[in-house]
Amino acid sequence: MSASQRSEPARPARSAGSARGVPGQAEAESAASGRPDRPERLDSELLAALLDGMDAALCAFDTDGRVTHWNREAERILGWTAAEAVDRKGLGGWAARPEDAREVEARLKEAMSATGRRVHEFALLTKDGGRVLVRTQSSRMPGADGRPAGVYCAFGEAHEQIDLERSIALSEALLEDASWNVVLVDADLRVAVVNANAAGALRTARKAAPGRPLGDFLDQGVEEAEAALQHVLAEGAPLAPTELWVTLRDAGAGHGIEGPAGVRYELLDDEEAVRGEVPGRDTAGTDGAGALRRCWRSGFLRLASPLTEEPTPLGVAWIFQDMTEAKGQEQESARLRFRSNQLHRATRAAAECEDPMEAASVHLDFALAGFADHALIDLALDPPPGAPADRIRLVRAAATPTGTPGPCPPVAPGGIPLGYAGGHPALQAVERCGSVRTSARRSDEPARTQWAAARKWPEGVVHGLCAVLRSRGRTLGVVTFLRTSGRRAFDRTDAVYAEDVAARVAASVDLAVRRY
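Residues numbered from 1 in each chain as written. Predicted model: local features only at pLDDT ≥ 70, side-chain atom pairs only at ≥ 80, totals over all residues. Heavy atoms only, no water.

Can you lay out helix H9 (residues 222–235) for me, pointing to particular residues and giving the numbers?
Helix length check: H9 (14 residues) gives 20 Å between terminal C-alpha atoms against 20 Å at 1.5 Å per residue, within 8%. Three or more residues of H9 are buried, namely Val222, Ala225, Ala228, Leu229, Val232 and Leu233. The arc that holds every buried residue of H9, seen down its axis, measures 135°, which confines them to one face. Facing away from the buried side of H9 by over 90 degrees, the exposed positions are Glu223, Ala234 and Glu235. Those residues of H9 that are buried lie in contact with strand S6 (181–186), strand S8 (242–247), strand S12 (293–304) and strand S13 (313–322). Directly beyond the C-terminal end of H9, a positive phi value near 100° is found at glycine 236. (Helix = DSSP H or I, 4+ residues; strand = E, 2+ residues; numbered from the N terminus. Expected span 1.5 Å × (residues − 1). Buried < 20%, exposed > 50% of the residue type's maximum accessible area, 1.4 Å probe, protein only. Arc of directions from axis to C-beta. Contact = heavy atoms within 4.5 Å.)

An account of unusual backbone geometry is requested, with residue identities and associated values reported.
With a phi angle near 80°, aspartate 87 is a residue other than glycine that sits in the positive phi range. By the element assignment, aspartate 87 lies in the loop between helix H5 (82–85) and helix H6 (98–113). Unlike most non-glycine residues, leucine 189 shows phi in positive territory, near 65°. Checked against the element boundaries, leucine 189 lands in the loop between S6 and strand S7 (191–194). Here leucine 189 falls in the buried class, since its relative accessible area comes to 10%.

Explain the sheet that holds strand S4 (residues 131–142) to me, and be specific about the residues and the numbers.
A sheet is described by the order of its strands in space; here five strands give the open sequence S2-S1-S5-S4-S3, paired in antiparallel fashion. Two strands lie at the open edges of the sheet, namely strand S2 (67–70) and strand S3 (118–125), each paired on one side alone. Here the average twist between neighbouring strands, direction ignored, is 30°. With six bridges joining them, strand S1 (residues 57–62) and strand S5 (residues 148–157) adopt antiparallel strand pairing. Within the sheet, the bridge partner assigned to aspartate 62 lies in S5 and is glycine 150. Sitting on the sheet, H6 touches S1, S3, S4 and S5, and the angle it makes with S3 is about 155°. (Pairing = 2+ DSSP bridges. Axes fitted to C-alpha atoms, helices over the stretch in contact; angles between N-to-C directions.)

How would you summarise the packing of aromatic side chains if you had to cite specific residues and measurements?
One pass over the structure, following the stated rule, counts ten aromatic pairs. The interplanar angle of 85° and the centroid separation of 5.4 Å between the aromatic rings of tryptophan 80 and tryptophan 94 together place this pair among those described as edge-to-face. Of this pair, tryptophan 80 sits in the loop between helix H4 (72–78) and H5 while tryptophan 94 is found in the loop between H5 and H6, placing the two residues 14 residues apart along the sequence. Here the two residues tryptophan 80 and tryptophan 94 agree in accessibility, since each one is buried. Summarising the aromatic geometry, the rings of tryptophan 451 and tryptophan 457 are spaced 5.8 Å apart at their centres and angled 65° between planes, so their arrangement reads as edge-to-face. (Phe/Tyr/Trp six-rings, centres within 6.5 Å; stacked < 30°, edge-to-face > 60°.)

What follows is the structure, given as structure tokens:
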């Protein structure tokens, strides 16, 4: 509370301008005049209660400069009691040094003849001889005839006022100029105030946000955010920042969205395959939805009212920063390190295999870890006599179990070509000599099952990545990696990794073909 607000309760002094700060004086005057003292005594008691209950120190002077009122806060700050202060003329010699008292009296006289409040800083003396710097707000008290009847002065220690002003300035700076996102949430978990950056992060306007629940702005992750806010309200702020992954509501409306980095996330059609590094085409979720998840590194502060004896929670200050790009880079670096280590381990393990096809299977076993649920190796057969030279026929050479994921052992060669329909991703990979990615667009289980069955893939598969096997300038076949609905769709970095694995598998397959 500011000093100007604290000084307001002194206004009842207008109706009791003759009441002194010494207890019993008003009653004695009433008894001497023979008038009923009950109303005036009530007014005097009310005025004394108001003055003593104020958070600000207050003193009042009449037109002659004598102290007429002195409350308990003034006694606490300066040490002088009301009995010692009231009826003294001016402050010089007891509450202020003589050289300082002249300036104080001049300012008080100025406030008595002016309208409105006057704010000054004075150095006053305490009862034990110390000096204290106070900030005062002075205003005149008009009498019944409208002329000045005195002046009241509300004051407090200057350093407390400066601390209050700093707190207010900090709050305003956080809500106006801070580079972090700041959201104030009330005790009902509804947005109270947001700064400009937070409004942009929530995709709303500052004036439209107050009063709305977080569920109006967040889709996925709103439960985690509300749980964190409830924890702060109940037990206080956590010791360390918290990372929350959220998805903004309506972020995936339409066929795609454009993120802050200009990356566009779109859906793949049922029969569409994406080859190599075609720009602007990607999938962003296990369900084919284009929702972009954001990582917000968050700090929380519990807000409590300083005006109550027991802290009453007013809400929570949620301060967060978007760390999506940095987290993405961290995850990408960790993923690249893991995959590089897997390639190294697979190469060493394959070198110990006598059978080249077993070595190819070892490469796939190491590649599957953290990458895919199923893997297939389909080898290309030479066209039969009289058939077109560009006719593609594939035969299964290795496959993971169709049930639960497991190793990818070689299968007994049967020589019967696979019944892949035209436009199958594996056929396209051979035809284009590149990588092909595809995903099921529809999210309902029957459609997904039908989509996988049409491609001769295990049940539950919703994402596929086919990489061509090339060695010594010849196409030997295709390696296919498959993911179920529990994983995200393949992206370009996955295609690059699959091509690295395919190059190692192709070398082993080429050796096996020449051997047999």
